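Now for the letters of each chain:
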Amino acid sequence: MDTRAIHAGREIDGGVGAVSTPIYQTSTYRQQFPGDESGYVYSRTSNPTRHALETALAELEGGRFGFAFASGLAATNTVMNLLSAGDHLVVGDDLYGGTFRLFEKVFKQFQLTFTYVDGRRAENFAGAIRQNTKLLWLETPSNPLMHLTDIAEVAKIARESGILLAVDNTFATPYIQRPLELGADIVVHSLTKYLAGHCDMVGGAVVTDKEELAERIGFYQNAVGAILGPFDSFLALRGLKTLPVRMERHSYNARKIAEFLKQSPLVKEVYYPGIDGKPLPNRMTMAGGMVSFVLDAEMDTVREFVMATSVFILAESLGGVESLINHPATMTHASIPAEIRKARGIDDGLVRLSVGLEDVEDLIDDLKGALAASEKRMVKKG
Ligand SMILES: *Cc1c(COP(=O)(O)O)cnc(C)c1O
């Protein structure tokens, strides 16, 4: 994986010998004769920098076909283009807020229907399947509660029912978990997060190993046109090269922080895979860089807490080298109605950390300081 991350998609430019894939900032390409389609024709359809990224993404996820998009949601939207009015989906309920909004506010208009199930038990997906179910959709670890789903179990259910399974692998990345190898048909990513890894671009990806699906996704990528530009493709390719070393450090730092939070009397609950002493299920090789936890305090105190850190930056998004802190109820998950948030366990006291690559002792000191600042207004455990 370490070698692949650095070399995947690389083709040394014959003319110049550039070791790094150049940014082909061009919209169109010269033809040798009218209608010559032997090479690149138009950059919505294909572009060499994007192609290098798409090849690399496919290789890292263990599929043959990769597609890069203008955002993670553009990638999700393109997968949804595979469906038709009247189709039904079963979706793991702890879901990225924007994905939920896309399903509920956009695709419901096109007569698609959705059933949300607790993704921690694979049989919940089976139980919600109807005659018109065409796609199962899940995130694992999920956002923000870090629920884990057994991808292989859900893939088995999908296969037996002749239904497609799509997995949003943004939180884990292919360094930690490869859904296609566990039987998923489609992997979706927000490249914005760990894959590009530096909070400096927005992008998305779809990978599949199925030729028939790849043909249709490629068609919609070109027909709908939400493609990733050459410069952003370059940034994502650059980020991919250090994915393995970054994920090792993200996971190391996040585990240390989860352990610190777990022993703090001010923290009611910590969500981090494996922190409960159980081994990591799901064939994940490590637990990644996202940690969520619950403070037993009023909304105002929690908001004050997330504003009191100095190394952790108060911001949405995740997966960059810098540590971020987020209050899901009023930030990333505010697009989910309050009563649905509550029913799904997204407490007003929930805080989500994207643990970066800084010195972990500095990060822990930063959290200690912020906790101490509002300690008087927080309820202690026990
Ligand atoms: C951010 C995110 C998305 C959406 O990606 P964008 O690049 O912001 O459009 C989808 N799924 C997950 C898990 C995410 O974190």
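Residues numbered from 1 in each chain as written. Predicted model: local features only at pLDDT ≥ 70, side-chain atom pairs only at ≥ 80, totals over all residues. Heavy atoms only, no water.

(A) The arrangement of the overall build of the chain in detail. Counting its regular elements, the chain contains twelve helices and twelve strands. In terms of overall dimensions, the chain is globule-like: its C-alpha atoms have a radius of gyration of 21 Å, near the 21 Å expected for 382 residues. Taking the principal axes of the C-alpha coordinates as reference, the chain spans close to 75 × 55 × 35 Å. Counting the 382 residues in the chain, one finds 54% classified as buried. Restricting the contact set of the chain to residue pairs at least 6 apart, pairs at least 24 apart contribute 72%. Accessible surface, the chain: about 16,300 Å² in total, of which carbon and sulfur atoms supply 51%. In the chain, the 39 positive side-chain charges and the 47 negative ones have mean positions that sit 2 Å from each other. (Helix = DSSP H or I, 4+ residues; strand = E, 2+ residues; numbered from the N terminus. Rg over C-alpha atoms; globule rule 2.2 N^0.38 Å. Buried < 20%, exposed > 50% of the residue type's maximum accessible area, 1.4 Å probe, protein only. Contact = heavy atoms within 4.5 Å. Areas by Shrake-Rupley, 256 points an atom, 1.4 Å probe, with all protein chains shown as cover. Lys, Arg positive; Asp, Glu negative; His and termini not counted. Charge placed at Lys NZ, Arg CZ, Asp CG, Glu CD.)

(B) How the structure looks around a negative patch on the surface. On the surface, Asp359, Glu361, Asp362 and Asp365 cluster together to form a negatively charged patch. On the secondary structure map, Glu361 appears in helix H12 (residues 360-374). (Patch = residues over 30% accessible without salt bridge, like charges linked within 9 Å, V, L, I, M, F, W, Y side chains within 5 Å. Salt bridge = Lys/Arg side-chain N within 4 Å of Asp/Glu carboxyl O.)

(C) Quick look at the domain arrangement of the chain. Domain boundaries assigned for the chain yield domain 1 (2-240) and domain 2 (243-381). The distance between the C-alpha centroids of domain 1 and domain 2 comes to 27 Å. Taken together, the contact pairs 38 residues of domain 1 with 40 residues of domain 2. Carbon and sulfur atoms supply 64% of the area that domain 1 and domain 2 bury against each other, a total of about 3,200 Å² over both sides. Contact with domain 2 buries surface across domain 1, with Tyr175, Ile176 and Tyr194 losing the most and accounting together for 24% of the total. At the junction of domain 1 with domain 2, the criterion picks out zero salt bridges. (Domains from an automatic or database assignment. Buried area = accessible area lost by both parts, 1.4 Å probe.)

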